[in-house]
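Observations on the model geometry
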2 protein chains.
Amino acid sequence: MSRTADEPLSLGTIPVSPPTLADVAELAGVSRQTVSNAVNNPELLRADTLRRVQNAIADLGYSPNRAARNLRTRASHLVGMRFTPAQEGTANALMDRFVHSLVEASAEAGYHVLLFAGDPTDPVSGYDDLLRSTAVDAFVVTDTFLGNPQATWLELRRAPFVAFGRPWDTPESTHPWVDVDGAAGAALATDHLIEADHTKIAWVGWRKDSWIGEDRRSGWSRAMRSRGLVTSGLACRVEDAVASGREAAGRLLDESGPTGFVCASDTLAMGVLHALDERGLQPGRDVAVVGFDDSQVAQVVPGGLTSVRQPLEDVAVEVVRALAGLLATPPKMVPGVLLEPTLAVRGSSQRR
Amino acid sequence: MSRTADEPLSLGTIPVSPPTLADVAELAGVSRQTVSNAVNNPELLRADTLRRVQNAIADLGYSPNRAARNLRTRASHLVGMRFTPAQEGTANALMDRFVHSLVEASAEAGYHVLLFAGDPTDPVSGYDDLLRSTAVDAFVVTDTFLGNPQATWLELRRAPFVAFGRPWDTPESTHPWVDVDGAAGAALATDHLIEADHTKIAWVGWRKDSWIGEDRRSGWSRAMRSRGLVTSGLACRVEDAVASGREAAGRLLDESGPTGFVCASDTLAMGVLHALDERGLQPGRDVAVVGFDDSQVAQVVPGGLTSVRQPLEDVAVEVVRALAGLLATPPKMVPGVLLEPTLAVRGSSQRR
DNA sequence: GTGAAAGCGCTAACAG
DNA sequence: CTGTTAGCGCTTTCAC
């Protein structure tokens, strides 16, 4: 069952072994090294030699063996990203949209994205093995909802990584990061409602232990105050779930009678829509609602849900840019990058 | 245990070079091969030797270098999956849910998932390079909405792959596949409405060139006919978009007055909800609606959208099982696997 | 500009 | 059971 002399045989479903540098060299009548140069440093070759080699490469359908190249260059051209299951019932498909963008942006920089699972209870699981086995060149760290132990851990190990999300809890961190200005987003949403003559605008946000949540909330309160509008009695902090948003909206409606809601997530905003629905109030006409993240839910719900949209495509591009900087020789450290969100205006915030 | 004399230096952000087999061997006082055996064939070692080696491995934090192992074993333990951007405004986050499951299922089988981008206009782009550079051991092919040129292409190259989706257009294919019985799902939805005493149940489906769409449609018509219910004038085929679903539902409502809708997707079902909304009809109470795919939209839309749910976790497990079979020596070909969907019942199909 | 030699870290085959 | 030998396919010196 072993490979004899020159005959590459098909092992199970695996096709004949692909051509190697040596095969190309033989066909082109040059040495292996010259083929390598043709691939990696074409400017070193004489024009006609180069063409001859390139023809041989094309004829054979040669592509350098990744494992061999990785071993030699000590680089895998892979970026690892932990991909934990989104909890169901949450409108938060944000990460998925980001992954798509990341895959595309990485491809342009010559990188592939390696997804790995991790024990949800251990924020650091999965990284260690990939790092020690040099399976990836760097990581993209995303799940920074509550603090960011991964960043601290990776920094300690001097592993190259870029975070999507600021190091809220560790301001002394020096790793590259890319983030979206949540406060600006919430302010954008609030201003949008204020311009439509709303004055009692409520905030439905996340538990206080979420840095992101507090950031977004600050945008709401800043926008309100800058227009001289009161905020007291108009805010609440709950779990990120439809039911929580519904309850919170019901309570706020009963107690303070807001005419507008700005929410920390589309999930919460959907909860607000539920509450309006129950009371026979129509979104947009009676009460304005703005969500956050511009999920698919916001886009297809009847009437449409106005929502703050994060520029995830740009985030991915910046992440890859930072990654490329980290991995360059010498490394070029890219400082933190903060991007501005936009507002996708739909029926839930407009009188029809 | 720290490194001796020739201390590897830190290159930029790259940490000290990780320990190798030789380092472990030296520390444990055995040969490199013994360490390799301790990792790959522990049963070959004497208990005390094994323990000594394992201690050394733990002390050093050793993990086999992937590239070297890949080169030697001609396997990367990576499965490639093309990840094309989902079109926005579509409730179809199905693939994302699948990817999550796939990552988890793969991890248990010792595989990581490599995502790659591809030119959306060329269904085969991206595969070729990965295959020739032996960067992945196999592929998971998913985007089989309209036919499946990838499968044919990969089969021709004898590349190992498993498809999520049946080879509708190439029944002569012999590759492994896993799919969900769409006809059964639609029948499930239809029966659900029939049991609630609906008799005029409409079908809102996809363009006729979609095999999947026709399959699902057949489940509806079969269920209707088996109860002696008429189907004529109750079906339409449109683009998979909210607006199309809305128009189609409006037309059907005006012309045939159905009291129930079964849709080929949640996106279309959302369109139906729009149409009901416009006419002041309440989903569930006045008209029943069932979607397909149980997207997050179905879960969070006010009232909830009843939807056919594909068992994606199981699909992923079966895909990995088939993959493992393909990659085993000798390969064990797994035949096609067809899984049954379930129905997630929510407000849109129940009188409240 | 091109070629020859060396070796990245690992594991398959064999010898002891 | 353990150690020795060889080489996966590639790139990095360094001669020519």
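Residues numbered from 1 in each chain as written. Chains lettered and ligands numbered in written order. Predicted model: local features only at pLDDT ≥ 70, side-chain atom pairs only at ≥ 80, totals over all residues. Heavy atoms only, no water.

The name an unreviewed UniProt entry gives chain A is LacI family DNA-binding transcriptional regulator, with Nocardioides bigeumensis as the organism.

1. Points about the overall build of chain A
The test is simple: Put simply, DSSP marks the helices as runs of H or I at least four residues long and the strands as runs of E at least two long, and each gets a number from the N terminus on. Exposure categories follow from relative accessible area, calculated using a 1.4 Å probe and restricted to protein chains: below 20% of the type maximum is buried, above 50% is exposed, and the middle band is partly exposed. Reported accessibility uses the Shrake-Rupley method at a 1.4 Å probe radius. Residues are deemed covered only where the shown protein chains occlude them.
Broken down by element type, chain A carries 13 helices and 12 strands. Judged by the C-alpha coordinates and their principal axes, chain A covers about 85 × 40 × 40 Å. Scored against the burial criterion, the 352 residues of chain A give a buried share of 53%. Accessible area for chain A stands at about 15,200 Å²; split by element, carbon and sulfur atoms hold 52% of it.

2. Re the interface of chain A and chain B
Rule in force here: Every residue pair with non-hydrogen atoms within 4.5 Å of one another is taken to be in contact. Buried area: the accessible area, evaluated with a 1.4 Å probe, that two parts lose upon being put together, summed over both parts. The salt bridge criterion pairs a side-chain nitrogen of Lys or Arg with a carboxyl oxygen of Asp or Glu, the two atoms within 4 Å. Residues adjacent in sequence count toward polar contacts only when both atoms are side-chain atoms; beyond that, a polar contact is any pair of N or O atoms within 3.5 Å, and within protein one must be able to donate a hydrogen and the other to accept it. Each residue gets one label: Ala, Val, Leu, Ile, Met, Phe, Trp, Tyr, Cys and Pro are nonpolar, Asp, Glu, Lys and Arg are charged, and the others, such as Gly, are polar. For two strands to be treated as a pair, DSSP must find at least two bridges joining them.
Contacts between the two partners involve 67 residues from chain A, matched on the other side by 67 residues from chain B. Taking both partners together, chain A and chain B bury about 5,800 Å²; carbon and sulfur atoms supply 61% of that area. At the junction of chain A and chain B, the tally comes to zero salt bridges. Between chain A and chain B we count 14 residue pairs in polar contact (both at pLDDT 80 or more) in total. Elements supplying a minimum of two residues to the side of chain A that touches chain B: helix H4 (66-73), helix H5 (94-108), strand S2 (112-116), helix H6 (127-132), helix H11 (266-278) and helix H12 (296-300) of chain A. Here the residues of the side of chain A that touches chain B are counted per class, giving 35 nonpolar, 20 polar and 12 charged. Bridging between S2(A) and strand S2 (residues 112-116) of chain B involves three bridges; their strand directions are antiparallel.

3. Section: the relation of the copies chain A and chain B
Worth spelling out the cut-off: Least-squares fitting of one copy onto the other uses the C-alpha atoms of those residues that reach a pLDDT of at least 70 in both copies.
Mapping chain A onto chain B calls for a screw motion: a turn of 180° about the axis and a shift of 0.1 Å along it, with 0.1 Å RMSD after fitting. Such a combination of rotation and displacement between the chain copies is what one expects of a two-fold axis. A shared interface surface links the copies, since 97% of the contact residues of chain A are contact residues in chain B too.

4. A look at the domain arrangement of chain A
This is how it is decided: Reported domain spans reflect what an automatic or database domain assignment gives.
As assigned here, chain A comprises domain 1 (11-64), domain 2 (78-180 + 312-339) and domain 3 (182-310 + 343-349). Taking only C-alpha atoms into account, the centre of domain 2 of chain A sits 29 Å from that of domain 3 of chain A.

5. Examining the protein's contact with DNA strand D
Convention followed: A cutoff of 4 Å decides nearness: a residue is near a molecule or strand if any of its heavy atoms lies inside that distance of it.
Near DNA strand D lie 26 residues; those nearest to it are Leu21(A), Arg32(A), Arg72(A), Thr49(B) and Arg74(B). Near the protein, meaning within 4 Å, the atoms of DNA strand D are sugar or phosphate in a fraction of 62%, with bases accounting for the rest. Tyr62(A) is positioned such that a nitrogen or oxygen atom in its side chain is 2.6 Å from a phosphate oxygen of DNA strand D. Secondary-structure elements contributing two or more residues to the surface near DNA strand D are helix H2 (32-40) and H4 of chain A together with helix H2 (32-40) and helix H4 (66-73) of chain B. The biggest single contributor to the surface near DNA strand D is H4(A), with five residues. Classifying every residue of the surface near DNA strand D gives nine nonpolar, 10 polar and seven charged.

6. Things to note about the packing of helix H1 (residues 21-28) of chain A against helix H3 (residues 47-60) of chain A
To characterise two packed helices, one gives the angle between the axes of the helices and the distance between these axes. Residues and elements named next belong to chain A. Put simply, the rule reads: Inter-axis angles, ranging from 0 to 180 degrees, are taken between N-to-C directions of lines fitted to C-alpha atoms, where helices are fitted over the stretch in contact. Our angle categories are set so that under 35 degrees counts as roughly parallel, over 145 as roughly antiparallel, 65 to 115 as roughly perpendicular, and the remainder as oblique. In a left-handed crossing the near helix is turned counterclockwise from the far helix by less than a right angle, and in a right-handed crossing that turn is clockwise.
Between H1 and H3, the shortest axis-to-axis distance is 9 Å and the interhelical angle comes to 125°. Relative to H3, the element H1 lies oblique. H1 and H3 meet at a crossing whose hand is right-handed. On the side of H1, the interface is formed by Asp23, Val24, Leu27 and Ala28, while H3 contributes Arg52, Val53, Ala56, Ile57, Asp59 and Leu60. Each residue belonging to the contact of H1 with H3 can be placed in one class, and the counts come to seven nonpolar, no polar and three charged.

7. What to know about the packing of aromatic side chains
All names here are of chain A. Rule in force here: By convention, a stacked pair of Phe, Tyr or Trp rings (six-membered ring in the case of Trp) has centres within 6.5 Å and planes under 30 degrees apart, an edge-to-face pair has planes over 60 apart, and any other such pair is tilted.
Counting across every chain of the model gives 12 aromatic pairs over all chains. Relative to Trp211, the ring of Trp168 has its centre 6.4 Å away and its plane inclined at 5°; by these criteria the two rings are stacked. With Trp168 in the loop between strand S4 (161-164) and strand S5 (177-180) and Trp211 in helix H9 (residues 211-226), this residue pair connects regions lying 43 residues apart in the sequence. Here Trp211 falls in the partly exposed class, since its relative accessible area comes to 39%.

8. Let's talk about the protein's contact with DNA strand C
Near DNA strand C lie 26 residues; those nearest to it are Thr49(A), Arg74(A), Leu21(B), Arg32(B) and Arg72(B). The sugar-phosphate backbone supplies 62% of the atoms of DNA strand C found within 4 Å of the protein. Contact distances for DNA strand C include 2.8 Å between a base nitrogen and a side-chain N or O atom of Gln33(B). At 3.4 Å, a backbone N or O of Ala68(B) approaches a base nitrogen of DNA strand C. Mapped onto the surface near DNA strand C, the elements with two or more residues apiece are H2 and H4 of chain A together with H2 and H4 of chain B.

9. Thoughts on the side chain of Arg166(B)
All names here are of chain B. Tracing the backbone through its elements, the reader meets Arg166 in the loop between strand S4 (161-164) and strand S5 (177-180). By relative accessible area, which is 15% here, Arg166 ends up buried. Among the polar contacts made by the side chain of Arg166, one reaches the main-chain carbonyl oxygen of Val180 at a distance of 3.3 Å. Beyond its immediate sequence surroundings of up to four residues, Arg166 is in contact with Trp177, Asp179, Val180, Asp181, Gly182, Asp215 and Leu338.

10. Some details on the sheet that holds strand S10 (residues 306-309) of chain A
Residue and element names in this part refer to chain A. On the basis of which strands lie adjacent, the open sheet formed by six strands has the order S7-S6-S8-S9-S10-S12 and mixed pairing. Pairing within the sheet leaves two strands with one partner each, and these edge strands are strand S7 (235-238) and strand S12 (342-344). Each strand of the sheet is rotated relative to its neighbour by a mean of 20°, with strand direction disregarded. Relative to S10, strand S9 (residues 288-292) runs parallel, the two being bridged by three bridges. Across the sheet, residue Phe292 finds its bridge partner in S10, namely Val308. Running at roughly 170° to strand S6 (residues 201-206), H9 makes contact with S6, S7, strand S8 (260-263) and S9 of the sheet.

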